[in-house]
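Architecture and fold: a report
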Amino acid sequence: MQLPITDPVQVAARTAWGEARGEGSRGMQAVLNVVGNRAAHPGWWGHDIAGVCQKYAQFSCWNSSDPNRIKLLTVKESDPQLREALVLAGCLVADHLPDLTGGADHYYDQRGTTPNWAKGVFYRCTIGHHAFYRLGLRGDGK
């Protein structure tokens, strides 16, 4: 069961922290870009930032079995990486976060198994250990 966090800055920052705190500022920003690209085009993956971040099985850090989930729910704002993620998430919510991903709506960690969806031609870029793709939005002309 997902814990519903409704504050878009908090949920986005905790998602970026949970998914990419080891990837530095650019890595967290790229995860937030995916969140923003999805939220800007509501669909099966959610209709707003909080919904996109907490959609079942979309960001592994929110999965109940993921060890990052309890960490992202309990990390304090004194954590320097969370503070950085909060600033970036504030920029996302204010629509002032440059997109480093070329409009990506998916990514995966290249240190793991390549998902079937990532074997197509919709690659955008690699930032840190994450490869970014535009799958669901590929037909919208953006």
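Residues numbered from 1 in each chain as written. Predicted model: local features only at pLDDT ≥ 70, side-chain atom pairs only at ≥ 80, totals over all residues. Heavy atoms only, no water.

By the naming in an unreviewed UniProt entry, the protein goes by Hydrolase and is assigned to Acetobacter cibinongensis.

Brief notes about the overall build of the protein
Counting secondary structure elements, the protein contains five helices and three strands. If you list the helices and strands of the protein from N to C, you get α-α-α-α-α-β-β-β. Here the C-alpha atoms of the protein give a radius of gyration of 14 Å, agreeing with the 14 Å that 2.2 N^0.38 yields for 142 residues. Overall, the C-alpha framework of the protein stretches about 40 × 30 × 30 Å when taken along its three principal axes. Residue burial in the protein is summarised as follows: out of 142 residues, 47% are buried. For the protein, the share of sequence-separated contacts (at least 6 apart) that also reach a separation of at least 24 residues comes to 64%. (Helix = DSSP H or I, 4+ residues; strand = E, 2+ residues; numbered from the N terminus. Rg over C-alpha atoms; globule rule 2.2 N^0.38 Å. Buried < 20%, exposed > 50% of the residue type's maximum accessible area, 1.4 Å probe, protein only. Contact = heavy atoms within 4.5 Å.)

Let's talk about the layout of surface pockets
Over the atoms rolls a probe the size of a water molecule, and its path tells where empty space is left. Taken as a whole, the largest pocket encloses approximately 400 Å³ of empty space. Together, 25 residues line the largest pocket, and Glu-19, Ser-60, Tyr-107, Asp-109 and His-130 are the ones closest to its centre. The set of elements that each furnish at least two residues to the lining of the largest pocket consists of helix 1 (8-20), helix 2 (24-40) and strand 1 (106-109). Approximately 200 Å³ is the volume found for the second largest pocket. (1 Å grid on protein atoms, 1.4 Å probe; cavity = no way out; pocket = protein on both sides within 12 Å on 5 of 7 lines; lining within 4 Å. Points joined across faces, edges and corners; volume = space filled by probe spheres on them.)

Re the UniProt feature "domain: Cell wall hydrolase SleB" (unreviewed entry) in the protein
As annotated by UniProt and renumbered to match this structure, "domain: Cell wall hydrolase SleB" (unreviewed entry) occupies residues 22-133. For residues 22-133, helix accounts for 40% and strand for 12%, while the C-alpha atoms at its two ends are 20 Å apart. (UniProt positions renumbered as here; feature names shortened; annotations may be inferred.)

Notes on the nonpolar core
Counting residues in hydrophobic clusters, the biggest one holds 37 residues, and the most contacted among them are Leu-32, Ile-49, Phe-59, Trp-62 and Phe-132. Where this core is concerned, the elements lending two or more residues are helix 1, helix 2, helix 3 (49-54), helix 5 (80-93) and strand 2 (123-127). In terms of residue count, helix 2 provides more of this core than any other element does, seven residues in total. Discounting chain neighbours no more than four positions away, the residues touching Leu-32 are Ala-12, Ala-16, Ala-85, Leu-88, Ala-89, Leu-92 and Leu-97. (Core = buried A, V, L, I, M, F, W, Y, C linked by side-chain atoms within 4.5 Å.)

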